[in-house]
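Structural overview
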There are 2 protein chains.
Amino acid sequence: MQFQLTDELLEQVEQLIESQSDKQLKKLMDDFHYADIAEILDELDLEGAMYVIKLLDSETTSDILMELDEDNREKVLKNLSAQEIAEEVEELDTDDAADIIAELPEERRQEVISRIEDEAHQAEIRELLAYDEDTAGGLMAKELVKVYDTWTVAGCLRRIRGQAKEVTRVHSVYVVDKQEKLIGRLSLKDLIVAKSDQKIADIYISSVDYVNVNEDVEEVARIMAKYDLEAIPVVESDENKVLLGRITIDDIVDVMKEEADKDYQMAAGITGDVDSDDSILQLTKARLPWLFLGLVGGVGAFLIMEGFHEAFSKYAVLFFFTPLIAAMAGNVGVQSSAIIVQGLANDDVKGSINSRLLKEMLLAALNGVVLALFLFLFVWAIGNSVNTAFAVSISLVVVIVVAGLIGTFVPLFLDKRGIDPAIATGPFITTSNDIFGILIYFSIAKLILGI
Amino acid sequence: MQFQLTDELLEQVEQLIESQSDKQLKKLMDDFHYADIAEILDELDLEGAMYVIKLLDSETTSDILMELDEDNREKVLKNLSAQEIAEEVEELDTDDAADIIAELPEERRQEVISRIEDEAHQAEIRELLAYDEDTAGGLMAKELVKVYDTWTVAGCLRRIRGQAKEVTRVHSVYVVDKQEKLIGRLSLKDLIVAKSDQKIADIYISSVDYVNVNEDVEEVARIMAKYDLEAIPVVESDENKVLLGRITIDDIVDVMKEEADKDYQMAAGITGDVDSDDSILQLTKARLPWLFLGLVGGVGAFLIMEGFHEAFSKYAVLFFFTPLIAAMAGNVGVQSSAIIVQGLANDDVKGSINSRLLKEMLLAALNGVVLALFLFLFVWAIGNSVNTAFAVSISLVVVIVVAGLIGTFVPLFLDKRGIDPAIATGPFITTSNDIFGILIYFSIAKLILGI
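Residues numbered from 1 in each chain as written. Chains lettered and ligands numbered in written order. Predicted model: local features only at pLDDT ≥ 70, side-chain atom pairs only at ≥ 80, totals over all residues. Heavy atoms only, no water.

1. A word on the sheet that holds strand β6 (residues 243-248) of chain B
Residues and elements named next belong to chain B.
- Here we have three strands laid out as an open sheet, ordered β4-β5-β6, and mixed in their pairing. The open sheet has two edge strands with one neighbour each: β4 (211-212) and β6.
- Where strand β5 (residues 231-235) meets β6, five bridges bridge the pair, whose relative direction is antiparallel. In the strand pairing of β6, Ile 232 is matched with Ile 247.
- Sitting on the sheet, helix α15 (residues 217-226) touches β4, β5 and β6, and the angle it makes with β5 is about 135°. (Pairing = 2+ DSSP bridges. Helix = DSSP H or I, 4+ residues; strand = E, 2+ residues; numbered from the N terminus. Contact = heavy atoms within 4.5 Å. Axes fitted to C-alpha atoms, helices over the stretch in contact; angles between N-to-C directions.)

Here it is, written out as structure tokens:
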């Protein structure tokens with residue numbers, strides 16, 4: 001079943017476009033899943049992509065649009081009239097429809113929305129556009145199957161046949177009362193297994209997870225992953241519990257991937273969710289700021305070393321160890337910040353900040369002593385005085401401990417302040433630790449060697 | 001609905017255990033989701049956890065077991081008899097059951113399996129245990145709903161009522177022929193919407209995604225995410241397509257989280273999937289090796305600088321810039337390796353290695369020139385000769401370009417060799433780039449300044 005995007009296939013498609021052999025092209029595309037077609041279009045030039053999109057019916061192309069690379073989708077949408085976009089949107093579930101429209105420039109949005117014929121669909125999209133995209137409201141779809149507790153199983157099945165046509169995947173059936181208040185759920189399975197004359201009120205499951213429409217998407221993802229949910233209803237408020245929409249796991253999977261990628265890039269000193277196929281300019285914008293931070297840090301390190309330059313003549317060897325000290329400070333800092341940032345993301349950082357710091361201190365000290373031992377032997381073995389060896393290795397221990405503490409404290413501090421702790425990983429920690437490390441190193445060395 | 005694990009709640013639970021108030025304790029627990037109870041037990045001491053587990057019925061405790069921290073689950077299982085474990089396993093779906101048993105020490109496994117009363121369940125678990133845990137077979141469950149193409153809709157619904165009782169979530173209904181060969185699928189929705197006298201052969205959807213039982217789990221995750229699948233059938237081979245089992249999205253979500261966490265930790269120089277609550281010893285084992293690598297790198301840097309020590313008297317300033325050079329080399333290396341590793345994971349690294357390297361070279365050169373300009377001005381402004389400023393900044397550019405190339409090449413190379421490219425990120429790249437960077441830096445400086 002595996003789809004592989006080969007150069008041959010790509011060439012074939014390009015030729016069919018070239019020769020405008022619409023019939024064959026359509027036939028070829030019909031065999032592919034829309035996600036695969038999107039993969040093909042991502043590789044074609046804009047004209048080629050537009051040609052294919054105009055060729056296929058809007059039912060397919062709307063799905064393809066959703067799967068395209070964001071940059072490519074933007075280009076394609078630019079090339080479609082408001083009317084054409086409206087027709088695509090008509091085919092999409094409300095959540096995808098709202099996402100597409102949200103990507104349009106302000107001035108086009110209203111025009112596109114106003115051209116959506118299905119008024120219910122239009123109203124629902126308007127509603128969804130009002131929510132912040134990082135909240136449950138921004139992620140949910142209006143499509144869902146709901147039944148009233150007063151209905152019978154037979155009546156439900158009859159009505160569901162109607163509603164279900166609108167809904168791609170049914171998952172749970174939500175049970176509401178006359179006030180549209182969410183009071184429970186049912187699986188289609190339960191309905192099928194139940195006797196047809198039973199009342200919903202007698203068979204529905206009253207324990208139902210739900211999220212508030214203003215809940216943060218990361219929290220929604222955490223809840224759905226924790227409780228193994230495939231869909232979760234969204235309510236207007238915890239008080240009235242009015243059922244507004246539903247979030248499905250496939251959207252959460254995307255959110256999780258984006259979050260993971262973002263944190264990973266952040267830790268590597270890359271901002272703005274770029275991918276390896278982005279333009280050199282985009283990649284520079286994402287990487288240069290962090291590198292500049294590193295440059296500033298390096299200048300800081302320079303100034304510190306310069307401050308100790310009189311020690312130079314006698315203890316040149318000290319200066320040869322600065323890269324080692326800086327590297328260790330950086331590595332330890334990244335290790336401890338990464339594990340805290342991850343712990344915070346997975347919500348498994350328990351206990352007080354102080355106990356954390358204490359633990360990290362012990363951990364760093366343990367690592368530090370082991371490493372310092374090797375360093376001491378090396379420095380001493382290559383013919384330096386025991387004092388020098390002592391100075392270098394003692395400061396290594398201190399540097400590692402301080403680096404560990406900084407790496408632990410900063411993300412915890414940012415998190416308490418409501419700032420994304422992920423920004424504290426990578427270059428940020430490395431740089432600050434380079435400076436602290438080198439400063440501590442020379443200060444201690446100076447103390448011990450009495451420079 | 002939000003569950004919050006407060007110290008008060010924890011205290012209350014501990015007191016109820018202390019005073020052995022089983023009734024109240026049971027009543028309290030009954031209000032919680034098993035995932036929440038697991039969260040509570042993770043915080044209790046072993047005796048406390050065991051007390052609660054013995055108190056609750058195996059239907060609940062089996063689910064709780066699955067949600068416990070792996071380390072805690074191991075401890076709990078140690079304290080349960082083979083008979084007790086068998087009873088827990090009896091309640092679980094085959095995939096979870098197999099996972100639990102796989103965690104047991106070899107000698108206990110057979111004993112536990114042999115005590116499972118339901119023989120079909122027992123046989124299925126034996127089958128699943130035979131598959132590698134990193135393959136589709138290791139992830140799939142035997143529970144699924146299948147129908148034969150010769151059945152009628154009415155007949156299906158009747159039979160499904162039987163099968164469905166076994167299956168927690170139905171998702172798709174899989175259609176097979178007499179040879180158990182997967183030929184298509186149906187959603188419950190389709191069944192409900194269809195007329196009861198229709199033949200399955202006439203209404204089933206023949207295009208059905210499936211994976212081979214030996215497929216790698218990461219690939220399965222990629223496929224399910226790409227095609228927005230909530231469940232995917234697993235077949236014995238692409239030839240006979242015999243339906244063996246089914247993988248559901250909630251298991252894939254866990255796989256994705258683990259993968260993301262693993263890569264993130266790898267990039268931070270942490271191995272062995274530890275979390276912030278693990279013991280200091282576990283954390284040391286996960287972190288020390290990478291730090292040691294850093295130490296070796298630092299020693300390498302030392303030796304290089306020592307090799308240039310005669311330049312010392314005249315160009316001491318050069319040595320003050322080594323931390324800066326090393327830091328930049330490290331940062332650039334991490335940036336470029338991270339974006340390649342991520343691209344490989346998301347399967348969107350297209351084109352040849354050479355085009356990649358060329359792109360990275362241009363990107364690095366662009367960043368390098370901008371940064372070098374600032375550095376030149378700084379070095380020159382603090383009163384060094386234009387030559388010195390020139391030497392430092394030129395080498396910065398070269399160092400950045402080389403660092404970028406190494407960071408791009410190594411993961412691509414490892415991937416081609418079938419090695420997980422993620423190990424190439426973090427400390428590995430930083431360390432090697434530190435050494436290369438400093439070597440290049442002094443060589444170029446020597447050349448330009450004619451030391």
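Here the narrative resumes.
2. What about the relation of the copies chain A and chain B?
- Expressed as a screw transformation, the operator carrying chain A onto chain B has a rotation angle of 180° and an axial translation of 0.0 Å, and the superposed copies differ by an RMSD of 0.1 Å. Both copies are brought into coincidence by an operation consistent with a two-fold rotation axis. (Least-squares fit on C-alpha atoms with pLDDT ≥ 70 in both.)

3. Points about the packing of aromatic side chains
- Using the criterion set out here, one finds 24 aromatic pairs over all chains in the structure.
- Consider the rings of A:Phe319 and B:Phe320, whose centres lie 5.7 Å apart with planes at 40°: the pair is tilted. Residue A:Phe319 is located in helix α18 (residues 312-320), and its partner B:Phe320 is located in helix α18 (residues 312-320); the two belong to separate chains.
- When its relative accessible area of 0% is taken as the criterion, A:Phe319 is described as buried. (Phe/Tyr/Trp six-rings, centres within 6.5 Å; stacked < 30°, edge-to-face > 60°. Buried < 20%, exposed > 50% of the residue type's maximum accessible area, 1.4 Å probe, protein only.)

4. Describing the UniProt feature "domain: CBS" (unreviewed entry) in chain A
- What UniProt calls "domain: CBS" (unreviewed entry) maps, in this numbering, to residues 140-203 and 204-262 of chain A.
- Taken end to end, residues 204-262 of chain A is 41% helix and 22% strand, and its two terminal C-alpha atoms sit 40 Å from one another. (UniProt positions renumbered as here; feature names shortened; annotations may be inferred.)

5. Overview of unusual backbone geometry
Residue and element names in this part refer to chain A.
- Located in the positive-phi region is Gln 20, a residue other than glycine, with phi close to 50°.
- Among the structural elements, Gln 20 can be located in the loop between α1 (7-18) and α2 (22-30).
- Accessibility expressed as a relative area gives 56% for Gln 20, which makes it exposed.
- Although it is not a glycine, Glu 180 sits at a positive phi angle of roughly 65°.
- Structurally, Glu 180 can be placed in the loop between β2 (172-176) and β3 (182-187).

6. A few points about the confidence of the model for chain A
- Across chain A, pLDDT averages 89, with 98% of residues at or above 70.
- The ipTM, which scores confidence in the relative placement of chains, is 0.79 for this predicted complex, and the corresponding pTM is 0.80. (pLDDT = per-residue confidence, 0-100.)

7. What about the interface of chain A and chain B?
- Each partner contributes residues to the interface: chain A has 113 residues there, and chain B has 113 residues.
- Carbon and sulfur atoms supply 65% of the area that chain A and chain B bury against each other, a total of about 10,600 Å² over both sides.
- In this structure, the connection of chain A to chain B is made through six salt bridges.
- B:Glu39 is the salt-bridge partner of A:Lys226, the closest N and O atoms lying 2.5 Å from each other.
- There are 18 residue pairs in polar contact (both at pLDDT 80 or more) connecting chain A and chain B. (Buried area = accessible area lost by both parts, 1.4 Å probe. Salt bridge = Lys/Arg side-chain N within 4 Å of Asp/Glu carboxyl O. Polar contact = N/O pair within 3.5 Å; in protein donor to acceptor, adjacent residues only side chain to side chain.)

8. Observations concerning the environment of A:Val175
All names here are of chain A.
- With respect to the helices, strands and loops of the structure, Val 175 is situated in strand β2.
- Measuring from C-alpha to C-alpha, the distance between Val 175 and Ile 394 comes to 67 Å, with 219 residues separating the pair along the chain.
- In contact with Val 175, other than residues within four places in its own chain, are Val 147, Asp 149, Lys 181, Leu 182, Ile 183, Gly 184, Arg 185, Leu 186, Ile 200 and Tyr 204.

9. Quick word on the UniProt feature "transmembrane region" (unreviewed entry) in chain A
Residue and element names in this part refer to chain A.
- Within this structure's numbering, the places UniProt gives as "transmembrane region" (unreviewed entry) are residues 288-305, 317-341, 362-383, 389-414 and 426-449.
- The span residues 288-305 carries 100% helix and 0% strand; its end-to-end C-alpha distance comes to 25 Å.
- As annotated, residues 362-383 has a helix share of 91% and a strand share of 0%, and its two end C-alpha atoms lie 32 Å apart.

10. Here we look at the domain arrangement of chain A
- In terms of domain boundaries, chain A breaks down into domain 1 (7-131), domain 2 (145-257) and domain 3 (280-449).
- Taking the mean C-alpha position of each, domain 1 of chain A and domain 3 of chain A sit 50 Å from one another. (Domains from an automatic or database assignment.)

11. Quick notes on the sheet that holds strand β2 (residues 172-176) of chain B
Residue and element names in this part refer to chain B.
- Spatial ordering of the open sheet is given by β1-β2-β3, a layout of three strands whose pairing is mixed. Lying at the two open borders of the sheet, with one neighbouring strand each, are β1 (145-148) and β3 (182-187). Along the sheet, successive strands turn relative to each other by an average axial angle of 35°, direction set aside.
- Relative to β3, β2 is paired through five bridges, and the arrangement is antiparallel. Directly across from Ser 172, in β3, lies its bridge partner Ser 187.

12. Re the pairing of β5(B)
All names here are of chain B.
- Of all the five residues making up β5, five are buried; the element is thus mostly covered by neighbouring parts of the structure.
- A two-sided burial pattern is seen for β5, the buried positions comprising Ala 231, Pro 233 and Val 235 on one face and Ile 232 and Val 234 on the other.
- Alignment of β4 against β5, held across two bridges, turns out to be parallel. If you follow Asn 212 over to β5, its bridge partner there is Val 235.

13. Description of the environment of A:Thr152
Residues and elements named next belong to chain A.
- Its location among the elements puts Thr 152 in the loop between β1 (145-148) and α12 (153-166).
- Residue class for Thr 152 comes out partly exposed when judged on its relative accessible area of 26%.
- As for Thr 152 and Asp 202, which are separated by 50 residues in sequence, their C-alpha atoms are 9.3 Å apart.
- Sequence-distant contacts of Thr 152, that is, excluding residues within four places in its chain, are made with Ser 196, Asp 197, Gln 198, Lys 199 and Ile 200.
- For Thr 152, the side chain forms a polar contact with the main-chain nitrogen of Gly 155, separated by 3.0 Å.

14. Considering the packing of α1(A) against α2(A)
Residue and element names in this part refer to chain A.
- Two elements in contact, α1 and α2, have axes whose closest approach is 9 Å; the angle formed by their N-to-C orientations is 145°. Of the two elements, α1 crosses α2, and the hand of that crossing is left-handed. Listed contacts from α2 to Leu 9, Gln 12, Val 13, Leu 16 and Ile 17 of α1 are Gln 24, Leu 25, Leu 28 and Met 29.
- Taken together, the residues that form the contact of α1 with α2 break down as seven nonpolar, two polar and no charged. (Left-handed = near helix turned anticlockwise from the far one by under 90°. Nonpolar A, V, L, I, M, F, W, Y, C, P; charged D, E, K, R; others polar.)

15. Remarks on helix α7 (residues 82-91) of chain B
- Residues of α7(B) that are buried include every one of B:Ala82, B:Ile85, B:Ala86, B:Glu88 and B:Val89, and no others. All buried residues of α7(B) lie within an arc of 160° about the axis, which places them on one face of the element. (Arc of directions from axis to C-beta.)

16. Topic: the pattern of salt bridges
- Tallied over the entire structure, the rule returns 25 salt bridges over all chains.
- Between A:Glu74 and A:Lys78 there is a salt bridge, with the nearest N and O atoms lying 3.4 Å from each other. Taken together, the positions of A:Glu74 and A:Lys78, both in helix α6 (residues 70-78) and four residues apart, correspond to about one turn of that helix.
- As a salt-bridge pair, A:Arg287 and B:Glu360 come within 2.9 Å of each other at their nearest N and O atoms. Highlighted residues: A:Arg287 in helix α17 (residues 280-307) and B:Glu360 in helix α20 (residues 353-381), drawn from two different chains.
- The exposure class of A:Arg287 is buried, given its relative accessible area of 0%.

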